[in-house]
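Remarks on the overall topology
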Amino acid sequence: YIMLCKYTDDLDPIISFDFETDGDYEDIITYRGNDKVKTGFSVANGCLNLNWTTSETVDNRLQLPAFEISTSQYEYAEIIMKHDISVSGQNSDTIRMYMKGTFGDGSELKYNESYAIKPTIAQTSNGEFKRYVLPFTRTSNGTSLDGATITSIRIDPTNNPGTYSVDSIRFVPYYVQYEPLD
């Protein structure tokens, strides 16, 4: 479900969160567990930052503002972030993206673990920003998202304590993957 790729920056995203202004969360609501909080979160230096130093088992999540996007037109979510998971012995983690809206057949799409997109990421990005492209084609349980209309997205950038800096969140119609040159 996850692809690391590069593409030209001339794509026209329908929705983009770039965190260019210090202190501007761009209407994204930050949560720890079920509580709306800013503790541990900041927007500075062009990034939404999360410093999760506790071992408590609560989700840290980002609730994006309301919008509407068709998966038949915009097929990918892109998250550019760097991260360092601080749990000893933890080799990987997952980004979890939950969606609300309607499936292509008109049935309701709810925030639900079964319908999330959950790519695995490495324990650390080694201090570098990585581009994670999440296709809106199928959920992690294999449910098709073809023709779905998404009206709300929640992103859990991690399951474990650590430091995370999200450079941008964008929704794009396609991506171009380049092969590395020797």
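Please refer to the structure higher up on the page.
So, here's what we can say about the structure. On a predicted model such as this, the values are computed, not experimentally measured, just so you know.

A short note on the overall build of the protein
Of regular secondary structure, the protein possesses 0 helices and 16 strands. Within the protein, buried positions represent 45% of all 182 residues. Here the analysis covers contacts within the protein between residues at least 6 apart in sequence; of these, 77% occur between residues at least 24 apart. When the accessible surface of the protein is summed, it comes to about 9,000 Å², and 43% of that surface belongs to carbon and sulfur atoms.

Brief notes about the environment of Trp-52
Assignment of secondary structure puts Trp-52 in strand β6 (residues 47-52). Taking C-alpha positions, Trp-52 is 6.2 Å from Gly-40, a pair spaced 12 residues apart along the chain.

Examining the packing of aromatic side chains
Counted under the stated rule, the structure contains 3 aromatic pairs. Look at Phe-103 and Tyr-115: their rings are 5.2 Å apart centre to centre, the planes differ by 75°, and that puts the pair in the edge-to-face class. Of the two residues, Phe-103 sits in the loop between β11 (96-102) and β12 (108-109) while Tyr-115 sits in the loop between β12 and β13 (120-122), which places them 12 residues apart along the sequence. Phe-103 gets classed as buried once you look at its relative accessible area, which sits at 8%. The exposure class of Tyr-115 is partly exposed, given its relative accessible area of 26%. Each ring, one from Phe-136 and one from Phe-171, has its centre 6.1 Å from the other, and the planes form 10°; the classification is stacked. Taken together, the positions of Phe-136 in the loop between β14 (130-135) and β15 (149-156) and Phe-171 in strand β16 (residues 162-172) put the pair 35 residues apart, joining distant regions of the chain. With respect to burial, Phe-136 and Phe-171 carry one shared label: buried. Following the ring pairs from residue to residue traces out a cluster consisting of Phe-67, Phe-136 and Phe-171.

Description of the nonpolar core
Note that soluble globular proteins tend to have their nonpolar side chains buried in a common cluster. The biggest cluster of nonpolar side chains holds 38 residues, and the ones touching the most others in it are Leu-64, Phe-136, Ile-153, Ile-169 and Phe-171. Every element with two or more residues in this core is listed here: β2 (15-17), β5 (41-44), β6, β9 (76-85), β11, β14, β15 and β16.

Here's the deal with the pattern of salt bridges
A full pass over the atoms with the stated rule returns 5 salt bridges. Among the ionic pairs, Glu-78 bridges to Arg-131, the shortest N-O distance being 2.8 Å. With a gap of 53 residues between them, Glu-78 in strand β9 and Arg-131 in strand β14 connect regions that are remote in the sequence. We classify Glu-78 as buried; its relative accessible area is 1%. One salt bridge connects Asp-156 with Arg-154, and the closest N-O pair in it is separated by 2.8 Å. Through salt bridges that share partners, Glu-78, Arg-131 and Arg-170 make up one connected network.

Things to note about unusual backbone geometry
One non-glycine residue with positive phi stands out, namely Glu-26, at about 55°. Positive phi, close to 65°, is recorded for Asp-27, a residue that is not glycine. As for its position among the elements, Asp-27 is in the loop between β2 and β3 (29-32). Taking the relative accessible area as the measure of exposure, Asp-27 reaches 65% and is therefore exposed.

Considerations on the side chain of Asn-49
Tracing the backbone shows Asn-49 in strand β6. Looking at Asn-49, its side chain comes within polar contact range of the main-chain oxygen of Ala-44, at 3.4 Å. In this structure, Asn-49 is in contact with Gly-40, Phe-41, Ser-42, Ala-44, Tyr-164 and Ser-165, ignoring residues within four places of it in sequence.

Thoughts on the side chain of Arg-96
Note that Arg-96 resides in strand β11. Look at Arg-96 and you get buried, because its relative accessible area is 8%. Within the local environment of Arg-96, its side chain forms a polar contact with the side chain of Tyr-98, the two groups lying 3.3 Å apart. Those residues in contact with Arg-96 that lie beyond four places of it in its chain are Asp-59, Glu-113, Ile-117, Lys-118, Arg-154, Ile-155, Asp-156, Thr-158 and Asn-159.

Cut-off values and rules
- Residues numbered from 1 in each chain as written.
- Predicted model: local features only at pLDDT ≥ 70, side-chain atom pairs only at ≥ 80, totals over all residues.
- Heavy atoms only, no water.
- Helix = DSSP H or I, 4+ residues; strand = E, 2+ residues; numbered from the N terminus.
- Buried < 20%, exposed > 50% of the residue type's maximum accessible area, 1.4 Å probe, protein only.
- Contact = heavy atoms within 4.5 Å.
- Areas by Shrake-Rupley, 256 points an atom, 1.4 Å probe, with all protein chains shown as cover.
- Phe/Tyr/Trp six-rings, centres within 6.5 Å; stacked < 30°, edge-to-face > 60°.
- Core = buried A, V, L, I, M, F, W, Y, C linked by side-chain atoms within 4.5 Å.
- Salt bridge = Lys/Arg side-chain N within 4 Å of Asp/Glu carboxyl O.
- Polar contact = N/O pair within 3.5 Å; in protein donor to acceptor, adjacent residues only side chain to side chain.

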